[in-house]
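Below are the chains, spelled out letter by letter.
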Amino acid sequence: MRLHSHPASPFGRKVMVAAHELGIAERIRLDYRRVTPVEPNAAVVADNPLGKLPTLVLEDGRALFDSRVICEYLDQLCGGGRLFPAEPEARWRALRLQALGDGIMDAAVLARYETVLRPEELRWQAWIEHQKLKITRALDWLEPRVAELPEDGVDIGAISVGCALGYLDFRFGADGWRAGRPGLARWYERFAARPSMAATRPHDLQEAA
Ligand code: 99T
């Protein structure tokens with residue numbers, strides 16, 4: 001399998017953390033791509049009309065997107081029920097946390113694009129502030145519910161929230177998301193120490209195709 005991705009993408013990281021947790025990371029070849037909403041990458045667009053990362057290309061040439069679909073595919077490939085719990089209560093808890101983590105990443109990526117991509121004279125400060133407010137509200141919502149996240153194990157909710165917090169450290173470290181959120185900070189410290197997270201730390205890359 002091939003994965004169009006980028007080492008800075010939190011969604012690409014989510015897929016690779018899932019693959020590491022399932023023990024199949026070595027079956028995925030990483031094709032790093034440079035992609036922004038205004039600079040689509042032809043190789044990615046050929047496999048995904050949305051032109052987004054991550055996109056997984058299977059051995060038979062079919063492509064899967066987005067990160068939610070890819071993660072569920074990988075889980076099924078390994079028998080199912082490991083990252084996406086089957087038992088209803090655990091399942092909806094994990095899926096809701098996945099939606100929260102993905103939503104934080106969406107807001108953070110949109111704030112980032114507004115900051116670094118848009119020409120300076122067109123930048124819209126209110127847009128950035130309101131994307132960041134989404135992140136603030138999501139983290140404040142999560143702090144008293146941190147027990148919903150698995151303490152030692154892993155599921156798709158934990159992976160998504162973990163990658164979202166890792167992305168905030170990577171792109172918005174100065175915002176200090178840990179302040180006033182000791183429960184979440186403690187949970188993340190343990191989660192970030194997992195080998196799957198250590199193997200997928202985000203970084204920028206100049207030479208992506
Ligand atoms: O929107 C675009 O055209 C290019 N952006 C992306 O492909 C981003 C890369 S993160 N990916 C997504 O937004 C995927 C979201 C989707 N719902 C999923 O896969 O779950 C780039 C971050 C950075 O450069 O800092």
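Details of the structure are given in the entry above.
The structure displayed is predicted, hence computed values, not measured ones.

Draft legend 1. Quick look at the nonpolar core. One finds Leu-74, Leu-165, Leu-168 and Trp-187 to be the most contacted residues of the largest nonpolar core, which totals 53 residues. For this core, the elements supplying multiple residues, two or more each, are helix H1 (10-22), helix H3 (67-77), helix H4 (88-116), helix H5 (125-142), helix H6 (156-172) and helix H7 (182-192).

Draft legend 2. Local environment of the side chain of His-6. For His-6, the location among the structural elements is in the loop between strand S1 (2-5) and H1. Of note is the side chain of His-6, whose polar atom sits 2.9 Å from the backbone nitrogen of Ala-8.

Draft legend 3. Focus on H3. Inspection of H3 places Ser-67, Ile-70, Cys-71, Leu-74 and Asp-75 among the buried residues, and these make up the whole buried set. All buried residues of H3 project into a common sector of 135° when viewed along the axis, lining one side. On the buried face of H3, the contacting elements are S1, H1, strand S3 (55-57), strand S4 (63-64), H4 and H6. Gly-79 lies just past H3 and shows a positive phi near 105°.

Draft legend 4. Structural view of the site of the ligand. Near the ligand, the surroundings consist of 16 residues, among which Leu-53, Asp-66, Ser-67, Tyr-113 and Tyr-167 are the closest. One of the side-chain nitrogen or oxygen atoms of Ser-67 is found 2.6 Å away from an oxygen atom of the ligand. One of the side-chain N or O atoms of Arg-68 is found 3.4 Å from a nitrogen atom in the ligand. Here the ligand, which alone exposes 620 Å², has 88% of that area covered by the protein. Going through the elements one at a time, H1, H3, H4 and H6 are the ones with two or more residues in the shell around the ligand. Its residues assigned to classes, the shell around the ligand comprises nine nonpolar, three polar and four charged.

Draft legend 5. Up close: the sheet that holds S1. If you walk across this open sheet you meet the four strands as S2-S1-S3-S4, and the pairing is mixed. Each of the sheet's edge strands pairs with one partner strand only, and the pair in question is strand S2 (29-32) and S4. Relative to S2, S1 is paired through four bridges, and the arrangement is parallel. Bridge pairing in S2 places His-4 opposite Asp-31. Across the face of the sheet, H3 comes into contact with S1, S3 and S4 while running at roughly 40° to S3.

What counts and what doesn't
- Residues numbered from 1 in each chain as written.
- Predicted model: local features only at pLDDT ≥ 70, side-chain atom pairs only at ≥ 80, totals over all residues.
- Heavy atoms only, no water.
- Core = buried A, V, L, I, M, F, W, Y, C linked by side-chain atoms within 4.5 Å.
- Buried < 20%, exposed > 50% of the residue type's maximum accessible area, 1.4 Å probe, protein only.
- Helix = DSSP H or I, 4+ residues; strand = E, 2+ residues; numbered from the N terminus.
- Polar contact = N/O pair within 3.5 Å; in protein donor to acceptor, adjacent residues only side chain to side chain.
- Arc of directions from axis to C-beta.
- Contact = heavy atoms within 4.5 Å.
- Near = heavy atom within 4 Å.
- Areas by Shrake-Rupley, 256 points an atom, 1.4 Å probe, with all protein chains shown as cover.
- Nonpolar A, V, L, I, M, F, W, Y, C, P; charged D, E, K, R; others polar.
- Pairing = 2+ DSSP bridges.
- Axes fitted to C-alpha atoms, helices over the stretch in contact; angles between N-to-C directions.

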